[in-house]
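Take a look at the letters that make up each chain.
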Amino acid sequence: MHLNAAKRLARDPWFIAGAGISGLIILFLASSPLLVVHDPHDMDFIPFSPPSAEHWLGVNDGGMDIFSELMAGMKNTLHFGLLTGLVCLIIGACAGLFSAWFRGIPDLIIMRLSDVFLAVPAVMVLILVAAFFRPSPFYLALVLAALSWPTIAKVIRAQTLVVKAGMHIHSSRQMGASGLYVIRRHLMPELYPLYLIGFVSKARMAMFMEVSLSFLGLLDPGRKSLGMMINYALRYYYLDIWWSWLLPPVICLTLLIMGVTFLALSLEKIFDPRLKEIM
Amino acid sequence: MNLTIKNLRVTYVSNEHRLLALDRVNLELTPGKVIALVGESGSGKTTLGKAVMGLLPDYARVKGSVSLESLELLSLPAPEMNKLRWSRISMLFQNGAESLNPVYRILDQVAEPLIQKQGFSRKDAGLQAQKALEQTGLDPGLGSRFPHEVSGGEMQRCLLAMALIMSPEIIILDEPTASLDAMNKTLIRQVILGAKNKGQAVLVITHDLDLARDTADEAVVLYLGQVMEVLPAVELFLAPRHPYTLALARSYPALDTHRDLGGIRGDAFYRTVHRHREENGNIRFHSHLIGPDQEHEHCHATPGGCLFVDRCTQALPECREKEIAIQETDGYELRCLRGGIATLLRLKSISKSYAGKTALHPVDLELKAGEIFCLVGESGSGKTTLAMIGAALLKQDSGSRIYSNRNMDQWIRQDYLSLAGKIGLVHQHPAQAVSHRFSVFEIISEPLKIQGYYSRQEILEKVLSALKDVHLSTEPEFLSRYPHELNMGALQRICIARALVTGPSLLIADEPTSSLDPSVQAKVLKMILDLQIEKGLTMLFVTHDIGLARKIGDRMGVMLAGRMVESGPAAQILNKSAHPYTRLLINGSGSQVHDGPVSLKAGRDRGCPFVSRCGWKRDLCVNDNPETRQTSQGDHFVRCHFPLN
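Keep in mind that this is a model prediction, so the values were computed, not measured.

### Comments concerning the overall build of chain B
So, step 1. Check the secondary structure of chain B and you find 22 helices and 27 strands.
So, step 2. Within chain B, buried positions represent 52% of all 645 residues.

Shown next, in the form of structure tokens:
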């Protein structure tokens with residue numbers, strides 16, 4: 001099954017669309033040093049200038065180049081999402097593997113802890129933390145990851161339990177394999193699709209969260225962000241400028257979320273056997 | 001009159017070397033007793049007969065003594081010896097047809113000893129001979145025919161009549177039943193038993209183990225001129241103690257053995273002693289074993305070691321070096337450093353329960369080196385649990401495990417890796433037993449990598465030889481295939497190769513063929529049997545299919561509701577099953593046995609677990625769980641209040 005997964009992915013329209021969009025965005029961001037000529041924090045330009053050769057998307061109310069802002073904001077959002085996804089994955093995978101491998105009391109503790117975290121709405125905690133402590137986005141990402149690892153842990157634990165009961169694990173143990181060997185050679189490779197799914201879905205969630213928080217103005221106002229851009233642009237929606245100020249961040253955000261969502265969907269569809277019949 | 005053979009040593013001398021045909025053989029023939037001398041051809045059986053008769057060729061050197069009461073036969077002058085022959089000691093020669101004169105009538109030839117030795121008149125002798133011929137069941141008119149006019153079986157019986165005609169005290173029969181059909185064999189058997197009842201001493205030299213078992217009191221097993229084992233003949237098939245005897249019995253197509261024929265690995269050799277003149281002028285003798293196709297290429301036998309070592313299934317390094325004397329214990333004589341067939345795995349009062357539900361009540365299991373033990377029973381009877389405890393994959397709740405004389409539980413704690421390399425495990429579903437992410441090479445090399453002390457080159461060599469053992473391709477293209485590209489049969493072979501790659505002495509197979517179709521199953525089973533013979537593997541074979549167990553099992557254990565209800569030699573269990581449940585397994589649902597579910601309820605512990613389905617049950621069975629008891633047939637145990645037969 002694992003061998004033709006790559007082939008099946010390549011034929012899946014969701015995957016092609018998701019990978020295409022994400023690829024384009026990443027290519028776009030990677031080429032930003034060539035495209036962005038202005039410092040996004042520079043307030044030297046004439047406010048509300050319409051798009052021109054100098055300013056591709058015009059200038060905002062504070063005299064800042066909107067295109068530069070857009071690029072910086074997208075980068076920030078993407079970084080935030082990737083960081084959260086990664087940390088989430090590490091915590092979740094470790095917790096899941098640990099509790100499935102040892103069972104017993106460690107399993108009990110970790111699983112009850114994850115239930116508690118699942119019950120707490122991450123948005124509320126994040127808003128409170130952001131409002132009261134004003135942490136840097138890096139720490140905020142860590143807080144978000146610390147709140148949202150349980151789903152990954154549960155999925156990894158469940159799959160580990162299934163794989164662990166497999167005959168080839170028994171065989172391997174009977175041959176005298178150590179626990180580390182079994183985890184490295186037998187368990188980790190089996191869980192590989194779950195890492196991908198977990199990482200992508202958490203990254204998507206985190207990006208959305210970052211945009212929401214900055215839209216609400218809970219993040220550092222000096223830090224460029226898509227949410228903040230939308231917020232500011234909305235204040236001047238009656239001006240003609242909205243299509244070059246409001247529209248680009250909205251489109252970019254939509255594309256970003258869409259790309260990642262499509263990826264997550266197609267990965268889940270291919271790797272999660274339970275979804276095979278439904279989708 | 002007793003014939004006593006002491007330290008008999010016969011060497012055939014040629015220019016180059018001496019062929020040691022008999023090496024310090026002791027044997028005693030007493031009146032009214034039949035002794036069977038068995039062994040492969042080349043083991044020196046006929047030489048022994050000829051030595052007693054004083055008929056060895058000139059180039060034979062004989063040492064030791066053969067005495068009839070106080071009369072030493074070896075030093076007897078030829079005319080004296082001639083008097084003894086036929087009158088006191090007679091011998092039926094192998095391919096005796098050639099020893100009859102083609103131009104005389106049979107009757108005359110049979111009568112000849114009487115005329116020659118006892119001075120009978122021709123007429124009397126003729127009448128006597130006619131009677132003797134009729135006693136062996138021959139047609140009265142046969143005596144007037146010429147040797148070329150009678151069939152092989154009739155000829156053999158004529159010769160037997162000739163050997164018996166003077167009622168000698170000692171009769172030596174060399175392959176009396178070779179090339180005879182079943183009817184003639186039965187007649188010869190009767191003649192032998194008749195001679196025994198008349199108080200004659202009979203030595204039957206044969207490779208026909210059936211004949212040996214049915215006629216002889218004692219069987220002497222000869223290998224390369226050495227006596228390997230002396231045992232009651234009835235135990236030849238049931239309880240052989242020397243690996244060689246077991247292998248002989250397994251190779252013999254006995255009617256009541258259902259198992260496919262095995263063989264003995266390697267070839268029978270000739271044993272020669274070679275003379276070397278060393279530089280200092282001393283002459284040194286030097287032992288060789290020469291195979292049939294290695295006339296000039298000598299393989300040196302280590303002086304003093306066991307002769308059977310290269311073909312033995314349980315040889316230790318010491319077997320090669322230490323001289324092993326024949327030892328006598330309660331009616332047996334045995335030449336084996338390990339004291340006979342060793343017990344490889346011994347599980348003692350093993351019990352196990354899963355979450356309060358008892359899977360195994362205390363169960364005993366003994367695996368002897370080199371045998372295939374089949375564990376049969378319906379699903380849920382605990383056979384897999386028992387096998388997995390034997391494979392060290394599960395831990396028992398109570399009881400002890402001993403693997404080649406070492407406490408397994410201790411071994412697992414101290415150094416599991418070294419134990420793991422000695423036990424191979426094959427699972428029921430090959431597709432689940434391998435990781436689908438591993439290539440063929442990765443699957444088979446996994447145990448070696450886990451063991452960790454092999455170089456890349458070594459691993460490749462071992463993997464390739466394991467693949468050869470299971471008759472699979474060793475092409476690089478095949479090595480890099482993945483499980484889903486292979487069929488079930490090939491995959492199961494790969495699993496077997498994986499189990500064998502570390503060179504284990506025990507293979508535990510849990511329903512290894514039940515997921516295969518019959519034609520593939522047949523191939524895999526045949527391969528397993530070949531492996532057993534070639535590698536001397538001991539095998540615990542778990543199966544629900546008694547028909548399959550019958551084809552491969554040397555011994556068998558029947559399990560029911562976590563108990564071993566019957567165990568013993570496979571032929572015994574199949575032909576004379578003592579437990580009603582075994583009957584049920586063999587016959588499907590027999591008329592006396594009701595088919596119904598086994599109750600595993602806790603309350604059932606009081607009575608026999610089979611009581612609800614048993615047609616022979618009595619009041620005692622309902623309330624009292626029977627203990628294991630031994631049946632009258634040796635190594636056969638049954639757990640039943642009222643065993644059948």
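### Here we look at the overall build of chain A
So, step 1. Summing up its helical and strand segments, chain A has 13 helices and 0 strands in all.
So, step 2. Ordered by position from the N terminus, the helices and strands of chain A form the series α-α-α-α-α-α-α-α-α-α-α-α-α.
So, step 3. Considered along the principal axes of its C-alpha atoms, chain A spans approximately 75 × 45 × 35 Å.
So, step 4. Going through the 279 residues of chain A one by one, you find that 49% of them count as buried.
So, step 5. Sequence-distant contacts, at least 24 apart, represent 68% of the contacts inside chain A between residues at least 6 apart.
So, step 6. Only carbon and sulfur atoms are counted for the fraction: they give 73% of the accessible area of chain A, which is about 13,700 Å².
So, step 7. For chain A, the distance from the average position of its 21 positive side-chain charges to the average position of its 17 negative side-chain charges is 18 Å.

### Overview of helix H11 (residues 226-235) of chain A
Residue and element names in this part refer to chain A.
So, step 1. Summarising burial for H11: 7 of the 10 residues are buried, a large majority.
So, step 2. Among all positions in H11, only Leu 226, Gly 227, Met 228, Met 229, Ile 230, Asn 231 and Ala 233 are buried.
So, step 3. Considering only its buried residues, H11 is in contact with helix H4 (66-102), helix H10 (179-215), helix H12 (242-245) and helix H13 (247-271).

### Thoughts on the environment of B:Thr46
Residue and element names in this part refer to chain B.
So, step 1. By the secondary structure assignment, Thr 46 is in helix H1 (residues 45-53).
So, step 2. Residues Thr 46 and Ile 172, spaced 126 residues apart in sequence, show a C-alpha to C-alpha distance of 9.8 Å.
So, step 3. Each residue touching Thr 46, except ones within four places of it in the same chain, is listed here: Gln 94, Asp 174 and Ile 205.

### So, the interface of chain A and chain B
You'll often see interface size given as the accessible area lost when the parts meet.
So, step 1. The partner chain B presents 23 residues to the 17 residues of chain A that form the contact.
So, step 2. Together, the buried faces of chain A and chain B total about 1,900 Å²; carbon and sulfur atoms form 57% of this surface.
So, step 3. In this structure, the connection of chain A to chain B is made through 2 salt bridges.
So, step 4. The salt bridge partner of B:Glu442 is A:Arg185, with a shortest N-O separation of 3.5 Å.
So, step 5. For the pair chain A and chain B, the interface holds 12 residue pairs in polar contact (both at pLDDT 80 or more).
So, step 6. Top element by residues in the side of chain A that touches chain B is helix H9 (residues 167-174) of chain A. It accounts for 7 residues.
So, step 7. The residue makeup of the side of chain A that touches chain B, split by class, is 6 nonpolar, 8 polar and 3 charged.

### What about the nonpolar core?
Residues and elements named next belong to chain B.
So, step 1. Counting residues in hydrophobic clusters, the biggest one holds 60 residues, and the most contacted among them are Ile 444, Ile 494, Ile 496, Phe 541 and Met 556.
So, step 2. Looking at which element gives the most residues to this core, the answer is helix H17 (residues 488-500), with 8 residues.
So, step 3. If near-sequence neighbours (up to four positions away) are discounted, Ile 496 is found in contact with Val 426, Val 470, Val 524, Met 527, Ile 528 and Leu 531.
So, step 4. If you look at the next biggest cluster of nonpolar residues, it comprises 59 residues, including Leu 138, Cys 158, Val 202 and Tyr 252.

### Some points on the packing of aromatic side chains
Residues and elements named next belong to chain B.
So, step 1. Under the criterion given, the structure shown has 12 aromatic pairs over all chains.
So, step 2. When the ring of Tyr 223 is compared with that of Phe 308, the centres are 5.1 Å apart and the planes differ by 80 degrees; the resulting orientation is edge-to-face. Here Tyr 223 is found in strand E9 (residues 218-223), whereas its partner Phe 308 is found in the loop between strand E13 (299-300) and helix H10 (317-321), with 85 residues between them in sequence. Taken as a pair, Tyr 223 and Phe 308 share a single burial class, namely buried.

### Thoughts on the sheet that holds strand E7 (residues 170-174) of chain B
All names here are of chain B.
So, step 1. Spatially, 8 strands are ordered E6-E7-E8-E3-E9-E10-E15-E14 in an open sheet, and the strand pairing comes out mixed. The two strands at the open ends of the sheet, each matched to only one other strand, are strand E6 (89-92) and strand E14 (327-329). Pairwise comparison of adjacent strand axes, ignoring direction, gives a mean angle of 20 degrees for this sheet.
So, step 2. Here strand E3 (residues 34-38) pairs with strand E8 (residues 201-205) via 4 bridges, running parallel. Bridge pairing in E8 links Val 34 to Val 202.
So, step 3. Along the sheet face, helix H5 (residues 152-164) touches E6 and E7 and points at about 175 degrees away from the line of E6.

### Side note on the pattern of salt bridges
So, step 1. Counted by the stated rule, this structure contains 26 salt bridges over all chains.
So, step 2. Three or more residues are tied together by salt bridges with common partners; here these are B:Arg189, B:Asp210, B:Arg213 and B:Asp214.

### What to know about the pairing of strand E21 (residues 423-426) of chain B
The side chains of a regular strand alternate between the sheet's two faces.
Residues and elements named next belong to chain B.
So, step 1. Of the two faces of E21, the one carrying Ile 423 and Leu 425 and the one carrying Gly 424 and Val 426 are both buried.
So, step 2. When E21 meets strand E22 (residues 506-510), the two strands line up parallel, connected through 4 bridges. Following the sheet pairing, Ile 423 is matched in E22 by Leu 506.

### Looking at the pairing of strand E19 (residues 398-403) of chain B
All names here are of chain B.
So, step 1. Two elements, strand E16 (residues 343-354) and E19, share 5 bridges in a ladder whose sense is antiparallel. When the bridges of E19 are listed, Arg 346 appears paired with Ile 402.
So, step 2. Here E19 folds back onto strand E20 (residues 406-407), and the loop between the two strands holds 2 residues, one of which, Ser 404, carries a positive phi near 35 degrees.

### Quick notes on helix H18 (residues 518-535) of chain B
Residues and elements named next belong to chain B.
So, step 1. With 18 residues, H18 should cover 26 Å at 1.5 Å per step; its first-to-last C-alpha distance of 25 Å lies within 8% of that length.
So, step 2. Those residues of H18 lying buried are Gln 521, Val 524, Leu 525, Met 527, Ile 528, Leu 529, Leu 531, Gln 532 and Ile 533.
So, step 3. On the buried face of H18, the contacting elements are helix H9 (243-251), strand E18 (372-376), helix H15 (456-469), H17, strand E23 (538-543) and helix H19 (546-552).
So, step 4. A positive phi of about 65 degrees marks Gly 536, the residue just after H18.

Reading guide: rules and limits
- Residues numbered from 1 in each chain as written.
- Chains lettered and ligands numbered in written order.
- Predicted model: local features only at pLDDT ≥ 70, side-chain atom pairs only at ≥ 80, totals over all residues.
- Heavy atoms only, no water.
- Helix = DSSP H or I, 4+ residues; strand = E, 2+ residues; numbered from the N terminus.
- Buried < 20%, exposed > 50% of the residue type's maximum accessible area, 1.4 Å probe, protein only.
- Contact = heavy atoms within 4.5 Å.
- Areas by Shrake-Rupley, 256 points an atom, 1.4 Å probe, with all protein chains shown as cover.
- Lys, Arg positive; Asp, Glu negative; His and termini not counted.
- Charge placed at Lys NZ, Arg CZ, Asp CG, Glu CD.
- Buried area = accessible area lost by both parts, 1.4 Å probe.
- Salt bridge = Lys/Arg side-chain N within 4 Å of Asp/Glu carboxyl O.
- Polar contact = N/O pair within 3.5 Å; in protein donor to acceptor, adjacent residues only side chain to side chain.
- Nonpolar A, V, L, I, M, F, W, Y, C, P; charged D, E, K, R; others polar.
- Core = buried A, V, L, I, M, F, W, Y, C linked by side-chain atoms within 4.5 Å.
- Phe/Tyr/Trp six-rings, centres within 6.5 Å; stacked < 30°, edge-to-face > 60°.
- Pairing = 2+ DSSP bridges.
- Axes fitted to C-alpha atoms, helices over the stretch in contact; angles between N-to-C directions.
- Expected span 1.5 Å × (residues − 1).

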